[in-house]
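Working through the structure, step by step
Below, each chain spelled out in residue letters.
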Amino acid sequence: MKCRYVFCINAGRCGSDYLTGLLSRAKRTVSVHEGLPIMNGEPMQRFNQGDEAPLRDLMPAKWNAIRRALGRRRTYCETNHSFIKGWGWLVPDEWAPQEQIGVIILRRDPEKVATSLLRLHDVPGASSFSRTWYLAPGSQRNRSEPPAGADPYDLCAWYVRET
């Protein structure tokens, strides 16, 4: 069976919107960037603290939006960095067989990500916007590790790379 659903694992500021444009040019494919509902914010944060209910409650709306966008096309692609931070873990449970799911891992040099965030005045941990998109380092399900010697609750330190 071929992949019917393609999702992207990436941090913000890695080129996911650009990737959406590339994928949208494939035949019989629809590609969206952060399709509604985006599945971020409080439901994502609560999922990562161990409370799956709010995110699970949004899954029918997300799946209906995916089906509507897909229509008669063969493949649905979505680049959305909240996928790996929550709702992506729920897709194989109830919505699509794992063999129909493809995942693209999009990486960018952390220094370039940090520079891009700073250019936009979007410093993780410095605004309420951060709670919409970024995982708190102390989240129960946050499996990332801070750099050696960094304060695990100082989000800015995670983006500093020693030279």
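Everything numeric here is computed off the predicted structure, so don't read it as measured data.

Looking at the overall build of the protein chain
A count of helical and extended segments in the protein chain gives 6 helices and 4 strands. When contacts within the protein chain are restricted to residue pairs at least 6 apart in sequence, long-range pairs at least 24 apart make up 74% of them. Just so you have it, the protein chain exposes about 9,700 Å², and 53% of that area is on carbon and sulfur atoms.

Regarding helix H3 (residues 53–70)
Compared with an ideal rise of 1.5 Å per residue, which puts 18 residues at 26 Å, H3 spans 26 Å between its outermost C-alpha atoms and is within 8% of the ideal. Maximum bend of H3: about 35°, positioned at methionine 59, with proline proline 60 one to four residues after it. Of all the residues in H3, the buried ones are Pro54, Leu55, Met59, Lys62, Trp63, Ala65, Ile66 and Leu70. Buried-residue contacts for H3 involve strand S1 (5–9), strand S2 (29–33), helix H2 (42–48), strand S3 (75–79) and helix H4 (91–94).

Regarding the pairing of S1
Successive residues of a regular strand alternate their side chains across the two faces of the sheet. Here S1 lies mainly inside the structure; 4 of its 5 residues are buried. Sheet analysis places S1 next to S3, joined by 4 bridges and oriented parallel. The residue bridging cysteine 8 from the neighbouring strand is threonine 79, located in S3. Alignment of S1 against strand S4 (residues 101–105), held across 5 bridges, turns out to be parallel.

Overview of the pattern of salt bridges
Evaluated as defined, the whole model comprises 6 salt bridges. The partner of aspartate 51 in a salt bridge is arginine 46, with the nearest N and O atoms 2.6 Å apart. Looking at aspartate 51, the relative accessible area reads 28%, which means it is partly exposed. Classification of arginine 46 by relative accessible area gives partly exposed; the value is 34%. Two residues, glutamate 78 and lysine 62, come together in a salt bridge whose shortest N-O distance is 2.8 Å. Here glutamate 78, found in strand S3, pairs with lysine 62, found in helix H3; they are 16 residues apart in sequence, far enough to count as distant. Here the two residues glutamate 78 and lysine 62 agree in accessibility, since each one is buried.

Details of the environment of lysine 2
For lysine 2, the position within the fold is in the segment before S1. Taking C-alpha positions, lysine 2 is 8.9 Å from glycine 102, a pair spaced 100 residues apart along the chain.

Details of the state of the cysteines
Here a disulfide denotes a covalent bond joining the sulfur atom of one cysteine to the sulfur atom of another. Within this structure, the stated rule accounts for 0 disulfides. Between cysteine 8, a free cysteine, and cysteine 14, which holds the nearest cysteine sulfur, the sulfur-to-sulfur gap is 8.3 Å. A residue is classified by how much of its surface remains accessible, and cysteine 8, at 1% relative accessible area, is buried.

Here is what the cut-offs are and how they apply
Residues numbered from 1 in each chain as written. Predicted model: local features only at pLDDT ≥ 70, side-chain atom pairs only at ≥ 80, totals over all residues. Heavy atoms only, no water. Helix = DSSP H or I, 4+ residues; strand = E, 2+ residues; numbered from the N terminus. Contact = heavy atoms within 4.5 Å. Areas by Shrake-Rupley, 256 points an atom, 1.4 Å probe, with all protein chains shown as cover. Expected span 1.5 Å × (residues − 1). Bend = angle between axes of the 7 residues up to and from the residue. Buried < 20%, exposed > 50% of the residue type's maximum accessible area, 1.4 Å probe, protein only. Pairing = 2+ DSSP bridges. Salt bridge = Lys/Arg side-chain N within 4 Å of Asp/Glu carboxyl O. Disulfide = S-S within 2.5 Å.

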